[in-house]
2 protein chains.
Amino acid sequence: MFSQSEENYIKTIYHLEADFKKGISTNAIAKKLDTKASSVTDMIKKLSEKDVVTYKKYQGVTLTDFGKKTAANIVRKHRLWEVFLVDKLNFSWDEVHEVAEQLEHIKSPKLINELDAFLEYPKRDPHGDPIPDKEGNLQIIEKSLLSTLKENEIGVCVGVDDSSSEFLRFLDKQGVALGKQIKVVEKEPFDGSLVIEMDGKTLSVSNKIASNLYIQKSR
Amino acid sequence: MFSQSEENYIKTIYHLEADFKKGISTNAIAKKLDTKASSVTDMIKKLSEKDVVTYKKYQGVTLTDFGKKTAANIVRKHRLWEVFLVDKLNFSWDEVHEVAEQLEHIKSPKLINELDAFLEYPKRDPHGDPIPDKEGNLQIIEKSLLSTLKENEIGVCVGVDDSSSEFLRFLDKQGVALGKQIKVVEKEPFDGSLVIEMDGKTLSVSNKIASNLYIQKSR
DNA sequence: ATATATTTTTAGACTAACCTAAAAATATAT
DNA sequence: ATATATTTTTAGGTTAGTCTAAAAATATAT
């Protein structure tokens, strides 16, 4: 059984590994968790004692298989709770993170399995991120950043890269949501902005937006 | 904002005051929380600093109005989560306590208000205990222990005194549940047992059972 | 009313999780 | 390749919440 703090470290390392492969640095973890590198070193030693990570001094850490499974389970809980909050309790997708951060630490296998069933086994959370199954596996979706699509390509919005409140609220305002079909009408080479078609309407999005929206290409 | 530990103390004092009025002893709290009296003294000092309790050395503690409201809010959360677990996630009434003990510490006013609405503003938890409203008020129900009913009196089962798993599972086995109508057919003065009628069937219950079941008398 | 028992508080220590500051190792730049 | 900068670890300290053991206060019994 892990403490909330241990779980937060495990989850953070998991997310960093997804982005940067192996050997996550002390500093990277400290930055994500808004803590000091020295605190991270302390915790890493404990997690390595518990066989959650492999660690050699000055070489960064890597999750063991056990650590990966543990992490996936925390992420599973986090994302299932997010679905619950949005689907059942009228939260919007920019409001769920903070509460899910707390709920993910609740310890009860029955709770999470029943919740999964109650939500009818969702495959994605409200931001489009996949929900790991009980074994910790998560289905990968071939998604591309909107900014990488070519003119006339069509796809469906399946996720966001930046999930900050500001960005999500901006998307809401523009009418962008998961599942929306988007067609690239025109790409502006000068500033990387693009003209898209959505809901039969035409609008222009900046490169910054297009670099944070994931699209699953049609065909 | 209170820590989980502080919240557990506040809640415990609240429950003890409901049973024994004012001036809850250090030892009583220690017993309930399965901790040592010296730890309780430490925590009491902190809670009194924070104006949650009034405390004079060796005189026990009493919740302030602020403390009562805080406590009621924790109890509200606990009981709403219990309803959720039983009504939506197929938990039985003897399984909910442990998980609700964790869920009650989640901090999010929106979460609890939306949960309340989602559950359609329940008035009682699965054990028949009233759920405090947002202001911390809880409706009182005139309930009597089954053992205090007279022959031929009729009532509805509205709660349990002892809510241990063993007792609740025993009640399940006997078909006893909240809302069941019960009529006292005969009282046995010798051992305090009584013969009751429920669901059209006649059965005998021991005094121990009858002293732990609350009945709301009809008329 | 005094002795004895019980309860409560104090004093001092422990652990988890954090911190700061300094030392050690590694990386970078000329 | 050596000097400099950066990263990481170590050493030692802090706080919340717990503990044990002893001291102080209160309660009980004769």
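Residues numbered from 1 in each chain as written. Chains lettered and ligands numbered in written order. Predicted model: local features only at pLDDT ≥ 70, side-chain atom pairs only at ≥ 80, totals over all residues. Heavy atoms only, no water.

## Let's talk about the overall build of chain A
To keep things clear, this is the line we draw: Put simply, DSSP marks the helices as runs of H or I at least four residues long and the strands as runs of E at least two long, and each gets a number from the N terminus on. By definition in these notes, contact holds between two residues if any of their heavy atoms fall within 4.5 Å. Here the open area of atoms and residues is found with the Shrake-Rupley method and a 1.4 Å probe, where only the protein chains shown may cover a residue. For this count, His and the chain ends are skipped, Lys and Arg are scored as positive, and Asp and Glu as negative. For this purpose, a charge sits on NZ of Lys, CZ of Arg, CG of Asp or CD of Glu.
Across its full length, chain A holds 8 helices and 8 strands. Counting contacts in chain A only where the partners sit at least 6 residues apart, residues at least 24 apart contribute 63% of the total. Approximately 11,700 Å² of chain A is accessible, and the part contributed by carbon and sulfur atoms is 49%. One finds the centroid of the 33 positive side-chain charges in chain A at a distance of 4 Å from the centroid of its 35 negative side-chain charges.

## Considerations on the protein's contact with DNA strand D
What counts, and what does not: The rule for a residue being near a molecule or strand is that one of its heavy atoms must lie within 4 Å of it. Polar contact criterion, stated in full: a pair of N or O atoms within 3.5 Å, where within protein one must be able to donate a hydrogen and the other to accept it, and residues adjacent in sequence count only if both atoms are side-chain atoms. Put simply, Ala, Val, Leu, Ile, Met, Phe, Trp, Tyr, Cys and Pro go in the nonpolar bin, Asp, Glu, Lys and Arg in the charged bin, and everything else, Gly too, in the polar bin.
Near DNA strand D there are 21 residues, and of these Lys45(A), Tyr55(A), Lys57(A), Ser3(B) and Lys46(B) occur at the shortest range. Each atom of DNA strand D within 4 Å of the protein was assigned to sugar, phosphate or base; sugar and phosphate come to 75%. Interatomic distance of 2.3 Å between a side-chain N/O atom of Lys57(A) and a phosphate oxygen of DNA strand D. Counting only elements with at least two residues in the surface near DNA strand D, the list comes to helix H2 (26-33) and helix H3 (37-49) of chain A together with helix H1 (4-20) and helix H3 (37-49) of chain B. When its residues are assigned to classes, the surface near DNA strand D shows 5 nonpolar, 11 polar and 5 charged.

## Some points on the sheet that holds strand E3 (residues 144-145) of chain B
All names here are of chain B. Which entries qualify depends on this criterion: Think of it this way: DSSP has to see at least two bridges between two strands before they count as a pair. Every angle, taken between N-to-C directions, lies between 0 and 180 degrees, and every axis is a line fitted to C-alpha atoms, over only the stretch in contact when it is a helix.
Spatial ordering of the open sheet is given by E3-E8-E4-E5-E6-E7, a layout of 6 strands whose pairing is antiparallel. Of all strands in the sheet, those with a lone pairing partner are E3 and strand E7 (201-205), marking the two edges. Where strand E6 (residues 194-198) lies against E7, 5 bridges are found, and the strand directions are antiparallel. Counted as the bridge partner of Met-198 is Lys-201 from E7. Helix H7 (residues 165-174) rests against strand E4 (154-160), E6, E7 and strand E8 (213-217) of the sheet, and its axis sits at about 145 degrees to E4.

## Considerations on the domain arrangement of chain A
As a measure of interface size, the accessible area lost when the parts come together is often cited. So the rule is basically this: Domain boundaries shown here were taken from an automatic or database domain assignment.
Each domain of chain A was delimited in the assignment, giving domain 1 (4-63) and domain 2 (144-217). Computed over C-alpha atoms only, the centres of domain 1 of chain A and domain 2 of chain A are separated by 34 Å.

## So, the nonpolar core
To keep things clear, this is the line we draw: In this text, buried Ala, Val, Leu, Ile, Met, Phe, Trp, Tyr and Cys residues form a nonpolar core when linked through side-chain atoms within 4.5 Å. Exposure is judged per residue with a 1.4 Å probe applied to protein chains only, and the accessible area is read against the type maximum: over 50% gives exposed, under 20% gives buried, and values in between give partly exposed.
Phe84(A), Leu115(A), Phe84(B) and Leu115(B) are the most contacted members of the largest nonpolar core, which has 34 residues in total. No other element matches helix H4 (residues 65-89) of chain A, which puts 6 residues into this core. Setting aside residues no more than four positions away along its own chain, Phe84(B) makes contact with Phe84(A), Leu115(A), Phe118(A), Leu89(B), Leu115(B), Phe118(B) and Leu119(B).

## Comments concerning the packing of H4(A) against helix H6 (residues 109-118) of chain B
Selection rule: Angle categories: roughly parallel below 35 degrees, roughly antiparallel above 145, roughly perpendicular from 65 to 115, and oblique for all the rest. By definition, any crossing whose near helix is turned counterclockwise from its far helix by less than a right angle is left-handed, and any crossing with a clockwise turn is right-handed.
Taken N-terminus to C-terminus, the directions of H4(A) and H6(B) make an angle of 50 degrees; their axes are 10 Å apart at the nearest point. Here H4(A) lies oblique to H6(B), going by the angle between them. The chirality of how H4(A) crosses H6(B) is left-handed. Each of Phe84(A), Leu85(A), Lys88(A) and Leu89(A) in H4(A) lies in contact with H6(B), whose residues at this interface are Lys110(B), Leu111(B), Glu114(B), Leu115(B) and Phe118(B). Class assignment for the residues of the contact of H4(A) with H6(B) results in 6 nonpolar, no polar and 3 charged.

## Quick look at the pairing of E4(B)
All names here are of chain B. For E4, a buried count of 5 out of 7 residues is recorded, marking the element as mostly surrounded by other parts of the structure. As paired strands, E4 and strand E5 (residues 181-187) are joined by 3 bridges and run antiparallel to one another. Counterpart to Val-156 in the pairing with E5 is Gln-181. The pairing of E4 with E8 spans 5 bridges and is classified as antiparallel. Among the inter-strand pairings, Gly-159 is bridged to a residue of E8, identified as Tyr-214.

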